[in-house]
Amino acid sequence: MAMTIHGATPKLLKNLRHLVRPLNSAPPSISAVVSPLNIAEKTHPNATGPPPAAAAADTSILDFDDVKGLFGPVSTANLISSSVILHMAAMGPVVDMGTWVMNSRVMETPVLREAVLGVVKGTIYEHFCAGSDTEEAGRTVRRLWDVGLRAMLDYGLEHTNDNVSCDRNSEEFIRTVESTRSLPPSSVSFVVAKVTAICPIDLLRRVSDLLRWEYKEHSFHLPWKLDTLPIFSDSSPFYHTPNKPGPLTPQEERDLELAHQRLVKISEKCQEHNVPLVIDAEDTSLQPAIDYFTYSAAIMFNKYEHPIVFGTMQLYLKDAKERLLLAKRAADKLGQPMGFKLVRGAYIVSERQVAASLGVESPVHDSIQQTHACYDECASFMLEEVSSGRGSVVLATHNVESGKLAASKARDLGIRKETQKLQFAQLYGMSEALSFGLKNAGFEVSKYLPFGPVEQIIPYLLRRAEENKGLLSASSFDRQLMRKELKRRLRATIF
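Residues numbered from 1 in each chain as written. Predicted model: local features only at pLDDT ≥ 70, side-chain atom pairs only at ≥ 80, totals over all residues. Heavy atoms only, no water.

With an unreviewed UniProt entry as reference, the protein is termed Proline dehydrogenase, source organism Escallonia herrerae. Looking at the protein in UniProt, the text filed under Catalytic activity (unreviewed entry) is "L-proline + a quinone = (S)-1-pyrroline-5-carboxylate + a quinol + H(+)". What the UniProt record of the protein gives under Function (unreviewed entry) is the line "Converts proline to delta-1-pyrroline-5-carboxylate." (UniProt positions renumbered as here; feature names shortened; annotations may be inferred.)

Structure, rendered in structure tokens:
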């Protein structure tokens, strides 16, 4: 019978909220006031009142004034190219036009299709992607390793509907893990996988519905359920499942077992090659099933000090902090290490649209300030867990202020690079200043590397661009520093 650790009582949840000290809890003697840069997001138009006072942090830990030190490893040609691409990507109409073209009948005409793909491949694909296969991605990994950065390899597969596609995708993930053998040791920090690529979407929705109903009705029995950690809190959104779902059919149970076996094989391969696996997050209609897969695999494979399977927490969700605390405490009780990748989230528009269409409260925080606060509080909690030896964390952020706060907190807690339990991460082609700034400050930094054939990866990239318009339009900080470094190089050449 499956062992399930259910959510805690409201009283316990109330107590858990006080377990986290804020990131700016360093002693006053080492603190200085910093104005928030907030490069990763825009203030939501419905946010009311002035932004919260800037958190205290030690500004000296990340040096953005020394542009020569930041961009020293980057060639002038790459600096110019990056500046131009980021400027284009920051223009909303350009992203909208690209999305329209890729989804239009233009792509049905072979000549026009080849022309469009040629333009895209020579611009955004080469800037934001690591290559078309493991060989090209490997070359990108080596280039990053040469300048002191690591890589998170993400073969761009997602959203499948049949077992044949799921089997094929699983083999691609395994090949990605195996490719790390030929790369410099430790150059790959993680392999990334999406459960939506190895389990049919409709089945994930069914499993999510059943898990929600089980949480609401504890007598509801799921005979196929494996051991897991808490998936919900009392504040989680349950509106996706208004009525009692029917049980899985025998075929659905067989398909679920096949999907579980695929994840087990990928996790076994990661364990064999000593490369952790991070499972990406999805929208709230699918996330319960994603967490179920992630936690059941984590219980199977996270047996030693360094976790093999990491989950992802999207901290723009109102229930995220409670779910993180509950899952982590449950893992501690089992004596198992647990790792999490912390992100702000990528489905804000669709989440609010679905909630509005159903006439229910949005699961997303009401303002960007609340999202920032949630991210920083959860980062603080996980850094303290790392410091005490009870956890591992990937702080995936493009927000400079969050990077400063977390770096300062990590330093004050004495978290050293050698612990291998703290990793900062940014998307490949984005937030280069933050990546190099953190690296120069002595932290492990990874770039998230999507790769795959151009026709396969472009729709994936366009979805990411659509979901992250705020992030792209807020790249002005990077572009400003790049221009400053280009001017410095020009002056050095002339004089």
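J.: Provide a residue-level description of the pairing of strand β8 (residues 392-396), including the pertinent values.
T.: Within β8, five of the five residues are buried, which leaves the element mostly enclosed by the surrounding structure. Neither face of β8 is left uncovered, since the one carrying S392, V394 and A396 and the one carrying V393 and L395 both have all their residues buried. With four bridges connecting them, strand β7 (residues 339-343) and β8 associate as parallel partners. Directly across from K341, in β8, lies its bridge partner V394. (Buried < 20%, exposed > 50% of the residue type's maximum accessible area, 1.4 Å probe, protein only. Helix = DSSP H or I, 4+ residues; strand = E, 2+ residues; numbered from the N terminus. Pairing = 2+ DSSP bridges.)

J.: Which residues make up the environment of V177, and what values go with them?
T.: One can find V177 in helix α7 (residues 163-179). Separated by 95 residues in the primary sequence, V177 and E272 place their C-alpha atoms 9.4 Å from one another.

J.: If you had to explain the sheet that holds β8 to someone new, which residues and values would you point to?
T.: Read around the barrel, eight strands follow the order β3-β4-β5-β6-β7-β8-β9-β10 and close on themselves; strand pairing throughout is parallel. Averaged over all pairs of adjacent strands, the angle between their axes in this sheet comes to 30°, without regard to strand direction. In this sheet, strand β6 (residues 309-314) lies alongside strand β5 (residues 277-279) in parallel orientation, the contact comprising two bridges. If you follow V278 over to β6, its bridge partner there is F310. Packed onto the sheet, helix α10 (residues 287-301) meets β5, β6 and β7 and runs at close to 150° relative to β6. (Axes fitted to C-alpha atoms, helices over the stretch in contact; angles between N-to-C directions. Contact = heavy atoms within 4.5 Å.)

J.: Quick rundown of the nonpolar core? Include the residues and the values.
T.: L342 and L395 are the most contacted members of the largest nonpolar core, which has 129 residues in total. Here the element with the most residues in this core is α10; it accounts for nine residues. Every residue in contact with L342, bar those within four places of it in the chain, is listed here: M313, L315, L324, Y375, C378, A379, M382, V393, V394, L395 and A396. (Core = buried A, V, L, I, M, F, W, Y, C linked by side-chain atoms within 4.5 Å.)

J.: Tell me about the environment of T294, and name the residues and values.
T.: Along the chain, T294 falls in helix α10. Given the relative accessible area of 1%, T294 is considered buried. The sequence separation of T294 and H260 amounts to 34 residues, and the corresponding C-alpha distance is 9.9 Å. Once residues lying within four places of it in the same chain are set aside, the contact partners of T294 are I279, V309, F310 and G311. From its side chain, T294 meets the backbone oxygen of I290 in a polar contact 2.8 Å long. (Polar contact = N/O pair within 3.5 Å; in protein donor to acceptor, adjacent residues only side chain to side chain.)

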